[in-house]
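Observations on the model geometry
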Amino acid sequence: MSELIDHLTSLTRLRDADVLDTALAELARDLMQCDGVAIHRLVHDGSQQRWLTTAMAVPPDVAASPASQACPLLSPCARPECGSLPLREDRPHWLSCLTSQQACPLPRPGFRWLQPLTEACGVPTPGVIEFAQHQALAPGQLRMVASLLRFYRQLRGLIDENERDGLTGLLNRKTFDESFVRAAQGQLGGTRPGQGHRWWLGLVDIDHFKRVNDTHGHLIGDEVLLLTAQLMRSTCRLGDRLYRFGGEEFVVLLSAPDESHAFAAFERLRSGIEAHDFPQVRRLTVSVGFTAVDPDDTPSSAFERADQAVYAAKQAGRNRTLAHQAPAASTAGEAAVGAVEFF
Ligand SMILES: Nc1nc2c(ncn2[C@@H]2O[C@H](COP(=O)(O)OP(=O)(O)OP(=O)(O)O)[C@@H](O)[C@H]2O)c(=O)[nH]1
C-alpha cells in the first residue's frame, strides 16, 4: 500500500504531459505486475492521423525472457524520427477501442487488452493504453486499473489546464517558453539532426480580425479562432508544435532543413486557411512571418523577429508568408546606434 501511495505522490509532482505517459505506463506495469504496458496516441500528421507510441514499460528481466516473446506488445516504441508510424486505420483494434470508449481484448498471442485513454475535451491527443499479460486479469486487478485511469484523467486534466489555451486547446505561452529553450538548444524531440533539420518559429496573425468581431459578434469571432486552430492542427506535421498566446495570434514551431522548406510549410498553413469556407464569415486570411531559431535565441528575441516579418507581410498587403530579413549591414549599424540611445 505504501508503495502505491509513493507512486501516486510522484505522479502528482509531474507537470509535463509527455512525462506523465511514461510514469503512468510504469506505474500500471508495477501495480498489475504485467509483462508490459504501452500508451498509443492518435496524432495528426498533415491531413492524416497516425498512431504514436508515447510510452512503453516492459520489465527489463521480462523483456529478455521467452514469456515476453510469447506476449509482445503490438508496436515498438516508435518516435516520429524513427520512420513512418502506423496510420489510423492500420490498427483497427486500437481505433475501435477509442471510438467505442470500451475496454477491448486483443487477439492472441498472450492475453492482451486495451482501455481507452481520453482526456478533457479539446485536447487533441486521444489514445489507448495496452496491457500485455500471459494470463487473464482478476476482477480486483481490473478495478484497480479503472481507479488508476480515473486518477490519471483528473491529473492530466489539471496539467492540460496549465499547459493549454482554454478556447482552442492549443499549447499556451508558458509552455512555449519552456519548449523554445529546448528547441534552441536542439533538445526538443521532432528535429532530424542527422538530416540537418533546425527549428523555425512562425507567427500566424489573422487579417482584419477586428472586422470579424465587429460584423458578426465575439461568439462567431471565438468560433473562427477555434476553427483556425483546428485547420492549422490538421495541416501541421508530426512533431510540429502549435500555440495560442491569446488574441488572434498563433505561434508555430516546426523543424525543416532550410528556409525554402520552412516557407513551404508555413505557406501550406496560410493557403489552407485561405481556401476554407468559414461559417458566416466565409473567407478569412492570415499573414505569416517566420524566422530560424538560433542557439543563443531567447523566446522573445525569436518572437520579435517573427513579429517584424508579420508586420512586413501586413504592410505588403496581408494574406502572405514572409521570412524575417536580417537588416543590411549599414542599417544594422544604425539600429545598434539607435539602441544605444535608449540607455
Ligand atoms: N472574439 C475574440 N476576439 C478577440 C480575442 N482576442 C482578441 N480579440 C480581438 O482581436 C482583434 C484584433 O484586432 P487588431 O489587433 O486591430 O487586428 P486586426 O483587426 O486583425 O487587423 P490586422 O492584424 O492589421 O490585419 C480585436 O478586436 C480584439 O478584441 C478573443 O479571444 N476572441
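Residues numbered from 1 in each chain as written. Predicted model: local features only at pLDDT ≥ 70, side-chain atom pairs only at ≥ 80, totals over all residues. Heavy atoms only, no water.

Under an unreviewed UniProt entry, the name given to the chain is diguanylate cyclase, and the organism recorded is Pseudaquabacterium inlustre.

Observations concerning helix α11 (residues 299-315)
When the terminal C-alpha atoms of α11 are compared, their 24 Å separation across 17 residues agrees well with the 24 Å that a helix rising 1.5 Å per residue should span. Of all the positions in α11, only P299, A302, F303, R305, A306, A309, V310, A313 and K314 are classed as buried. Those residues of α11 that are buried are in contact with α7 (173-184), β6 (198-206), β8 (249-256), β9 (286-292) and β10 (321-323). Looking one or two residues beyond α11, the residue adopting positive phi is G317, at roughly 120 degrees. (Helix = DSSP H or I, 4+ residues; strand = E, 2+ residues; numbered from the N terminus. Expected span 1.5 Å × (residues − 1). Buried < 20%, exposed > 50% of the residue type's maximum accessible area, 1.4 Å probe, protein only. Contact = heavy atoms within 4.5 Å.)

Some thoughts on the pattern of salt bridges
Counted under the stated rule, the structure contains 18 salt bridges. Between D294 and R305 there is a salt bridge, and its shortest N-O distance comes to 3.9 Å. Separated by eleven residues along the polypeptide, D294 in the loop between β9 and α11 and R305 in helix α11 bring together distant segments of the chain. Judged by its relative accessible area of 17%, R305 is buried. Between D297 and R305 there is a salt bridge; the shortest N-O distance is 2.6 Å. Taking the relative accessible area as the measure of exposure, D297 reaches 11% and is therefore buried. Connected via shared salt-bridge partners are D21, R41, R156, D160 and R164. (Salt bridge = Lys/Arg side-chain N within 4 Å of Asp/Glu carboxyl O.)

Some thoughts on the UniProt feature "domain: GGDEF" (unreviewed entry) in the chain
UniProt's entry tags residues 197-326 with the feature "domain: GGDEF" (unreviewed entry), counted in the numbering of this structure. Here residues 197-326 runs as 46% helix and 24% strand, with 21 Å between its end C-alpha atoms. (UniProt positions renumbered as here; feature names shortened; annotations may be inferred.)

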